[in-house]
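Letter by letter, the chains look like this.
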Amino acid sequence: MSPSGAALPRSTLSLQARLLATVLGLVGLVWLSVVVATWYDTGHELDELLDAHLAQAASLLVMQRLDELEGDNFPPPPTLHKYQTRVAIQVWHEGRLVVRSTNAPEAPLGFGEAPGLRTSVIDGEAWRVLTTPGREPDVLIHVGELESARHDILLASLRSIAWPMLLALPLLALGIWWAVRGAMRPLRQLGQAVALRRPQALQPLSAHAVPPEVAPLVRALNGLFERMADLLESERRFTADAAHELRTPIAAIRMQAQVAQGATREPERTQALAATLLGCDRAARLIEQLLQLARLEGEVARGGGAVDPAGTVSADLTATALGLMADLELKAQVRGQSLALLAPGPVHVPMPGALLQVLLRNLTDNALRYSPDGARVQLSMEGPAPGQVAALVVEDGGPGLPPEAVARLGERFFRVLGTGQTGSGLGWSIVQRVARLYGLSVSADRSPALRGLRVTVIWIDTPRADIDVGQSAGLH
Amino acid sequence: MRILLAEDDELLGSGIKAGLTQQGFHVDWVRDGVAAERELLAGDHQAVVLDLGLPRQDGMDSLRAARARRIATPVLVLTARDAVAARIEGLDAGADDYLIKPVDLHELAARLRALVRRAHGQTQTRLEAGPVTLDPAAHQVWLDGATVELSGREYDLLQVFMLNAGRVLSREQIEQHLYKWGTEVASNTVEVHIYNLRRKLRGELIETVRGVGYVLRRDAGPAA
């Protein structure tokens, strides 16, 4: 490949250059074909016209008697036109050249005696020759004209068309360049407006005074800005909330540690140290939840990949719950709470065991946390039924939640105030995130049996989670 | 010094209360924004430590309400909201200081002392009245340059008098400044402490204004 040919891939040419090249190329092509067509057309017309002139000249000679032409009776024809000198005359009598114009060659212009028009080459020059018998039958008249003369006339007539065309081409290029530049101005201005923006400036671009061709781009950009602003805002809020939630336990730990440091009496010191440890536990739980949430969000960002069509990923709900209860039993006993499990046997759900544990732990932990001392928390599960793979119900004997609080559950860091509990509200966010990943239906209402909150999780039986999981995972 | 603490987090609130008590403050603790506003309006405290994210009412609203009612009590906002905009909003709402959690106990105490000092128009860290000098940070009192040993209550009482030097204080006002809620105050307790102060310092330092209360003169007599 030649270096010039490898210059730029087509796509990197500017629109302007591409448009300019295309239009100029097309115009050039059209003009070239006009010139070619004119050349042939005019050449043909010219030939007919000049052939007719040859015939006229010949017919005048035919009317002369031989003796009128011969010898001194025939003076050299006067030159009446600049092209006339190229017209040559030969009169042959019995094979002898009796009359010839000065510009005519010695050799016969025509071959043979056949009358008519033909082209012959004499001394390297092309002639157009009309051959006709004279008045007397043994007289042969040749009237010829140099082809080059005709060529000159044709060129001269074409020049008058070609010049304006050639002159107009650069002017046209300039005009196109100017017009295209003007047409591209909205795009350039748009580019500048976007380029000058600070990353945080996400207000929509003005869609006024934008050509209809550019409007879709502006709309698309504005849509992107809006989504980015939403994302940034939710990130900003999350960071602020996370900072708030982390700062408070850390502030408590620090304060209690300093109290322990400055305590003069043993009970005061012991109490402050116990409070410090409590703060550490709280911070640890919060960090654990934040990490879970971050991992889940990473999972979502990777496109979920959660529901595997082959159904190879599976965990036993009952076994996971039993393992979890052994873990939480001790904590429940401290507050005199009881944990109960109602299960028909192994219940398999299509999700990894680790995530199932995250889901179960957060639901159970919340139930225990927001139930009063001595309350009962009950986990019950069901196997396959029409429309479901499995179902899990977590009920508690707590105060339950008013409907407006239920609606806000799952907002990160939303927690129901006045519960005297130190949750961060992250548990519900995590539950919702898992639900969204695996297309679970999660709903909350009042438990008829225990009078507290009842949370129902259903693994919906669909061949493939093409359903809008955002909808099905939403709380109602 | 009586301090109002408005903080909804149990662990942090108990820590601040215990820590400030160690530092010689008397701390009353409320856990929601409505109670904070009520106590701010009551005006029984020399300074307030105010969390912003409080249940029932945001701390910022409590602060605004108090400032709208011309309550001048110094307020130190202690919050996890660290955005510059939040700080500006807090200060503009009438906060005198803005601290981000977590905070050092000693810094918190020092800032509270500074707030109280400035609120009383004092620019010196040490309070002085005639021959008596009081250093709030060191919790020490000098008479003519010699250290005077005072009990906790006597020290608190003297600080109240020195911060309000030249102003006549009623017995009720003094009690409000000195005692936390729920403290049983015997009818003659204040008189007993004033008697002790006069004995340990100088008799003419604290004057009795009959029928009204007591006053500490700013220029409480020349050094003898």
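Note that the structure is a prediction, hence the values are computed from the model and not measured. (Residues numbered from 1 in each chain as written. Chains lettered and ligands numbered in written order. Predicted model: local features only at pLDDT ≥ 70, side-chain atom pairs only at ≥ 80, totals over all residues.)

## A few points about the overall build of chain B
1) Next: Of the regular secondary structure elements, chain B holds eight helices and twelve strands.
2) Next: A burial count over chain B gives 44% of its 224 residues as buried. (Helix = DSSP H or I, 4+ residues; strand = E, 2+ residues; numbered from the N terminus. Buried ≥ 20, exposed ≤ 12 C-beta atoms within 10 Å, placed from the backbone.)

## Looking at the sheet that holds strand β5 (residues 97-100) of chain B
Residues and elements named next belong to chain B.
1) Next: As summarised here, the arrangement of the five strands in space is β2-β1-β3-β4-β5, forming an open sheet in which the pairing is parallel. Edge strands, defined here as strands with exactly one partner in the open sheet, are β2 (26-30) and β5. When the angles between neighbouring strand axes are averaged without regard to direction, this sheet yields 20 degrees.
2) Next: Relative to strand β4 (residues 75-79), strand β3 (residues 47-50) runs parallel, the two sharing three bridges. The residue bridging V49 from the neighbouring strand is L76, located in β4. (Pairing = 2+ DSSP bridges. Axes fitted to C-alpha atoms, helices over the stretch in contact; angles between N-to-C directions.)

## Side note on the nonpolar core
1) Next: Counting residues in each nonpolar core, the largest one holds 71 residues, and the members touching the most others are I3, V48, L50, L76, L112, L158 and M162 of chain B.
2) Next: Of the residues forming this core, the biggest block, seven residues, is contributed by helix α6 (residues 152-163) of chain B.
3) Next: Setting aside residues up to four positions removed in sequence, I3 of chain B forms contacts with L20, F25, H26, V27, H45, Q46, A47, V49 and L112 of chain B.
4) Next: Membership of the second largest hydrophobic core comes to 41 residues, among which are L363, V389, A444 and L453 of chain A. (Core = buried A, V, L, I, M, F, W, Y, C linked by C-beta atoms within 7 Å. Contact = placed C-beta atoms within 7 Å.)

## Quick look at the sheet that holds strand β4 (residues 125-133) of chain A
Residues and elements named next belong to chain A.
1) Next: If you walk across this open sheet you meet the five strands as β2-β1-β5-β4-β3, and the pairing is antiparallel. Among the strands making up the open sheet, the edge pair consists of β2 (96-100) and β3 (116-122). Taking the axes of each pair of neighbouring strands and ignoring which way they run, one obtains an average angle of 30 degrees across the sheet.
2) Next: Two elements, β3 and β4, share seven bridges in a ladder whose sense is antiparallel. Counted as the bridge partner of L117 is L130 from β4.
3) Next: Sheet strands in contact with helix α1 (residues 15-62) are β1 (87-93), β3, β4 and β5 (139-146), and its direction is about 150 degrees off that of β5.

## Things to note about helix α3 (residues 147-195) of chain A
1) Next: The terminal C-alpha atoms of α3 of chain A, which comprises 49 residues, lie 67 Å apart, in line with the 72 Å expected from a rise of 1.5 Å per residue.
2) Next: Along its length, α3 of chain A reaches its greatest deviation from straightness, about 45 degrees, at R185 of chain A, and the proline P186 of chain A lies no more than four positions downstream. (Expected span 1.5 Å × (residues − 1). Bend = angle between axes of the 7 residues up to and from the residue.)

## Regarding the packing of helix α2 (residues 33-42) of chain B against helix α3 (residues 59-68) of chain B
Residues and elements named next belong to chain B.
1) Next: Running from N to C, α2 and α3 cross one another at 25 degrees; their axes reach a closest spacing of 9 Å. With respect to α3, the element α2 is oriented roughly parallel. The crossing of α2 and α3 is right-handed. Residues G33, A36, E37, L40 and L41 of α2 touch α3, and the partners they reach there are G59, D61, S62, A65 and A66.
2) Next: Class assignment for the residues of the contact of α2 with α3 results in five nonpolar, three polar and two charged. (Parallel < 35°, antiparallel > 145°, perpendicular 65-115°, else oblique. Left-handed = near helix turned anticlockwise from the far one by under 90°. Nonpolar A, V, L, I, M, F, W, Y, C, P; charged D, E, K, R; others polar.)

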